[in-house]
Amino acid sequence: MFWPEGETETTMLDTILSALLPMVVTFLLGYMAAWRHDFGSKDASTLNRMVLRYAVPLALFAGTVMTSRAVLGQDVPLIITLCVAIIGFYCVVFLISRFIFRMQMSTSALAALTASAPAVPFVGPAVLGDLLGRLSAIPIAAASLVINLTVVPITILLLSLDSTERGQQNNTPARGEQENSSSSPRSNAAIFAGKIAETLKEPMVWAPILAFIVVLSGFSIPQLFVHSLSLLGHASGGVALFACGIVLASGKIKVNRNVLLFVFLKNTMQPALVLGGLRWIGYGNPVVSEAVLTTAIPTMPIVIMFALRYGIAQDEAASSVFLSIMGSLVTMGIFIALTH
């Protein structure tokens with residue numbers, strides 16, 4: 001039994017509701033604010049810039065640097081499971097979206113991030129902290145590191161490359177296509193190298209990498225400094241969800257096949273595969289409960305931030321985040337029962 005001592009299943013369900021309902025309420029507050037014309041789509045872009053350039057990088061740095069090497073080395077099977085579940089699922093969904101559904105590279109990257117990355121850096125401590133107690137430190141740290149060091153930078157790179165490619169296609173005259181094609185390998189390599197450099201300059205990329213280096217070096221940063229960075233970082237999840245509500249009010253909720261599919265993959269298929277895979281290998285609790293409940297957390301609100309920044313599938317991204325959060329009120333309860 002992995003629940004904290006003295007807790008019942010009913011109490012745990014109450015806990016998950018109390019952790020996820022604030023996300024729903026914040027989302028709806030943004031929707032209401034836009035409906036009352038207190039905020040508009042331009043304000044959402046401003047909030048988006050603040051979140052991506054300041055709030056999230058600070059939250060990622062503070063959250064990562066407070067993780068010790070000892071914590072990361074305590075549960076290797078759990079860390080490996082989360083790496084496979086997040087990175088592997090991202091790659092599979094991206095390939096399916098790109099080559100089967102014939103989506104653009106940028107849209108495929110957003111779809112893969114939606115389906116594979118739980119909002120652990122935003123709501124992990126609130127959700128898993130109450131569910132798993134002291135055991136939550138390892139899955140929160142491991143999942144946050146995997147997401148921040150792999151799928152988020154890859155998504156930024158793919159979005160940047162696709163935006164450059166679309167810009168070149170719009171600006172290149174048809175009569176010059178033959179001349180441009182002869183030098184395309186060298187120019188494409190230069191563009192790719194340039195985009196990698198630009199990606200590494202993004203605060204969302206270099207901040208967790210720098211923090212990870214600090215953790216591996218064993219260097220200790222004063223807690224006072226870390227808490228100072230966390231003040232704005234704590235606002236990242238709330239502001240991102242508020243901006244999601246604004247975007248959704250500016251457009252409309254799109255409940256189409258793709259949106260439902262990617263929400264299903266995130267909320268149900270990913271944790272179900274983790275549960276089945278670990279049970280098949282022979283693992284039990286607490287590894288199973290930690291891995292399954294971590295991947296059962298709804299998708300990251302940063303998906304809509306990327307959609308806003310690059311002007312890609314904004315309505316679909318906001319709808320996916322909203323439906324994932326709403327659906328998780330049911331799906332997380334189911335996976336709690338399955339891992340009890």
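Please refer to the structure higher up on the page.
Residues numbered from 1 in each chain as written. Predicted model: local features only at pLDDT ≥ 70, side-chain atom pairs only at ≥ 80, totals over all residues. Heavy atoms only, no water.

Draft legend 1. Quick peek at the overall build of the chain. Along the backbone of the chain there are 16 helices and zero strands. In the chain, which comprises 340 residues, the proportion classed as buried is 49%. A separation threshold of at least 6 residues defines the contact pool for the chain, and within that pool the share at least 24 residues apart is 87%. Put simply, the chain shows about 15,800 Å² of open surface, and 64% of that area lies on carbon and sulfur atoms. (Helix = DSSP H or I, 4+ residues; strand = E, 2+ residues; numbered from the N terminus. Buried < 20%, exposed > 50% of the residue type's maximum accessible area, 1.4 Å probe, protein only. Contact = heavy atoms within 4.5 Å. Areas by Shrake-Rupley, 256 points an atom, 1.4 Å probe, with all protein chains shown as cover.)

Draft legend 2. The arrangement of the packing of aromatic side chains in detail. In the structure shown here, the tally under the stated rule is two aromatic pairs. Ring geometry for Phe27 and Phe322: centres 4.9 Å apart, planes at 40°, overall tilted. Residue Phe27 is found in helix α1 (residues 9-35), and its partner Phe322 is found in helix α16 (residues 314-338); the two are separated by 295 residues along the sequence. When sorted by exposure, Phe27 lands in the same class as Phe322, which is buried. Seen from their ring centres, Phe39 and Phe242 are 5.4 Å apart, and the 85° between their planes marks the pair as edge-to-face. Residue Phe39 is found in the loop between α1 and α2 (41-65), and its partner Phe242 is found in helix α12 (residues 236-250); the two are separated by 203 residues along the sequence. Sitting over the face of the ring of Phe101, Arg257 holds its NZ or CZ atom 5.6 Å from the ring centroid. (Phe/Tyr/Trp six-rings, centres within 6.5 Å; stacked < 30°, edge-to-face > 60°. Lys NZ or Arg CZ within 6 Å of the ring centre and 35° of its normal.)

Draft legend 3. The environment of Pro203, seen in detail. Inspection of the secondary structure assignment puts Pro203 in helix α10 (residues 203-217). Residue Pro203 is classed as buried on the basis of its relative accessible area of 15%. Once residues lying within four places of it in the same chain are set aside, the contact partners of Pro203 are Arg53, Pro57 and Pro208.

Draft legend 4. Looking closely at helix α4 (residues 76-100). Relative to the 36 Å expected for 25 residues at 1.5 Å per residue, α4 spans 34 Å between its end C-alpha atoms, a close match to the ideal helical length. Turning to α4, its buried residues are Leu78, Ile79, Thr81, Leu82, Ala85, Ile86, Phe89, Tyr90, Val93, Phe94 and Ser97. Once α4 ends, the next one or two residues include Arg102, with phi positive near 60°. (Expected span 1.5 Å × (residues − 1).)

Draft legend 5. Representation of α2 in the model. With 25 residues, α2 extends 34 Å between its outermost C-alpha atoms, agreeing within 8% with the 36 Å of an ideal straight helix rising 1.5 Å per residue. Bending of α2 peaks at approximately 45° at the position of Val51. (Bend = angle between axes of the 7 residues up to and from the residue.)

Draft legend 6. Summary view of the side chain of Ser144. One can find Ser144 in helix α7 (residues 137-171). Beyond its immediate chain neighbours, meaning those up to four positions away, Ser144 contacts Val120 and Pro121.

Draft legend 7. Examining the nonpolar core more closely. Grouped together as the largest cluster of nonpolar side chains are 92 residues, with contacts concentrated most on Leu113, Met204, Ile297, Ile302, Ile304, Met305 and Phe306. Among the elements that make up this core, the one with the highest residue count is α7 (13 residues). With sequence-adjacent residues up to four places away left out, Phe306 is seen in contact with Asn48, Leu52, Leu110, Leu113, Val152, Thr155, Ile156, Leu159 and Met204. Membership of the second largest hydrophobic core comes to nine residues, among which are Ala62, Val65, Val214 and Val226. (Core = buried A, V, L, I, M, F, W, Y, C linked by side-chain atoms within 4.5 Å.)

Draft legend 8. Summary view of the pattern of salt bridges. Inspection of every chain in the model, using the stated rule, returns three salt bridges. For Glu316, the salt bridge goes to Lys254, with nearest N and O atoms at 3.3 Å. Placement of Glu316 in helix α16 and of Lys254 in the loop between α12 and α13 (257-281) is noted, with a sequence separation of 62 residues between them. Take Lys254: its relative accessible area is 26%, and that puts it in the partly exposed class. (Salt bridge = Lys/Arg side-chain N within 4 Å of Asp/Glu carboxyl O.)

Nothing here speaks to function; it is geometry throughout.
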